[in-house]
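# Coordinate analysis (summary)
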Amino acid sequence: MPFREINSKMVEATVLPGQKMFSQRGAMLAYRGEVSFTPNIQGGQGGVMSMIGRRMANEATPLMTVEGSGTVMFGHGGHHIQVINLAGDTLYVEADRLLAFDGSLQQGTMFMGSQGGVMGMVRGQVSGQGLFTTTLKGHGAVAVMAHGGVIELPITPGREVHVDPQAYVAHHGDVRNKLSTALGWREMVGRGSGEAFQLELSGNGAVYVQASEEKL
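### A short note on the pairing of strand β13 (residues 197-210)
In terms of residue burial, β13 counts as a mostly covered element, since 10 of its 14 residues are buried. Where strand β10 (residues 150-155) lies against β13, 6 bridges are found, and the strand directions are antiparallel. Its bridge partner lying in β13, I151 is registered against V209. Bridge analysis of strand β11 (residues 161-163) against β13 gives 3 bridges, and the strand direction is antiparallel. When the sheet's bridge partners are listed, H162 is paired in β13 with E200.

### Observations regarding the packing of aromatic side chains
Counted by the stated rule, this structure contains 2 aromatic pairs. Seen from their ring centres, F22 and F101 are 5.5 Å apart, and the 40° between their planes marks the pair as tilted. Taken as a pair, F22 in strand β3 (residues 20-24) and F101 in strand β7 (residues 98-102) lie far apart in primary sequence, 79 residues in all. Of the two residues, F22 and F101, neither departs from the other in class, the shared state being buried.

### Looking at the pattern of salt bridges
Taken as a whole and judged by the stated rule, the model has 2 salt bridges. Of the charged contacts in the structure, one is a salt bridge between R4 and E12, with a shortest N-O distance of 3.1 Å. On the basis of relative accessible area, E12 is assigned to the buried category, the value being 11%. Residue R32 is joined to E12 by a salt bridge in which the shortest nitrogen-to-oxygen separation is 2.8 Å. Taken as a pair, R32 in strand β4 (residues 28-40) and E12 in strand β2 (residues 10-15) lie far apart in primary sequence, 20 residues in all. Via salt bridges that share partners, R4, E12 and R32 belong to a single interconnected network.

### Let's talk about the side chain of N40
Mapped onto the elements of the fold, N40 is located in strand β4. One polar contact links N40 to T65, side chain to side chain, over a distance of 3.0 Å. Setting aside chain neighbours within four positions, we find N40 in contact with F22, L63, M64 and T65.

### Some thoughts on the confidence of the model for the chain
Of the residues in the chain, 70% reach a pLDDT of 70 or more, and the chain-wide mean stands at 79. Here helix α1 (residues 47-56) stands out as the least confident element of the chain, with mean pLDDT 45; β2 is the most confident, with 96. For the stretch residues 44-59, pLDDT sits under 50, and the model shows 38 contacts to residues farther than four places along the chain or on other chains. Between residues 126-130, whose pLDDT stays under 50, and residues either more than four places distant or in other chains, the model counts 20 contacts.

Conventions used here
- Each chain has its residues counted from 1, following the order in which its sequence is written.
- The predicted origin of the model limits local features to residues at a pLDDT of at least 70 and limits the giving and counting of side-chain atom pairs to 80 or more, whereas totals for whole chains, interfaces and linings rest on all residues.
- Heavy atoms from the whole structure form the basis of all side-chain values; hydrogens and water molecules are not counted.
- Three exposure classes are used, based on accessible area relative to the maximum for each residue type with a 1.4 Å probe and protein chains only: buried under 20%, partly exposed in between, and exposed over 50%.
- Under the DSSP-based scheme used, a helix requires at least four consecutive residues in state H or I and a strand at least two consecutive residues in state E, with every element numbered from the N terminus.
- The rule for pairing is simple: two strands pair if DSSP sees at least two bridges between them.
- Stacked, edge-to-face and tilted are the three classes for Phe, Tyr and Trp ring pairs, Trp counted by its six-membered ring, which pair at centre distances within 6.5 Å; planes under 30 degrees apart are stacked, over 60 edge-to-face, the rest tilted.
- We define a salt bridge as a contact between a side-chain nitrogen of Lys or Arg and a carboxyl oxygen of Asp or Glu at a distance within 4 Å.
- Polar contact is defined as a pair of N or O atoms within 3.5 Å, subject to the rule that within protein one atom must be able to donate a hydrogen and the other to accept it, and that residues adjacent in sequence are counted only when both atoms are side-chain atoms.
- Contact criterion: two residues are considered in contact whenever any of their non-hydrogen atoms come within 4.5 Å of each other.
- One number per residue, pLDDT, summarises how confident the predictor is, and it ranges from 0 to 100.

Shown next as structure tokens:
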């Protein structure tokens, strides 16, 4: 079910009988029709393992199952909302950035180190984000949250994109990530992210970057 962007901080979704969607708890602003909101104890379509992964990563963001017939307006904390439409590929995004998504999407959890090796693990520690990242795969729409607006940067073979780890929001496609350093290890001691660390994304897909480094 596609999202209609009301403004940069609010989206509206149509809920149809026999279909469901998931939203972050507290994300519902208003709704019309016969719509129910039920706490989801299994962590969405990913089941128990997805829920465990998020808890290990301190990303135990509670989800609500949204069902019925009507329209629902979503927003959270005044954050900017970006709608991403998936056409069979996989979206990688931190669980706390998820606002709402189609129930038809398959949810899972990926260990960041599996893509970036040891440096991928370091990236999680440095940015303050979890070592686990939520994955959403299939055909459907996802609404994610960010600070200060979002820009989509294409990633093409031979033209990798370097992103500040804390400005990273999500990425999709056939993309690999690794953390690179612009400074020596001694110079990095005591520093946060910024120019000292760069998340290098290569392959074929897109990465979403927020305007502010503030963490949700």
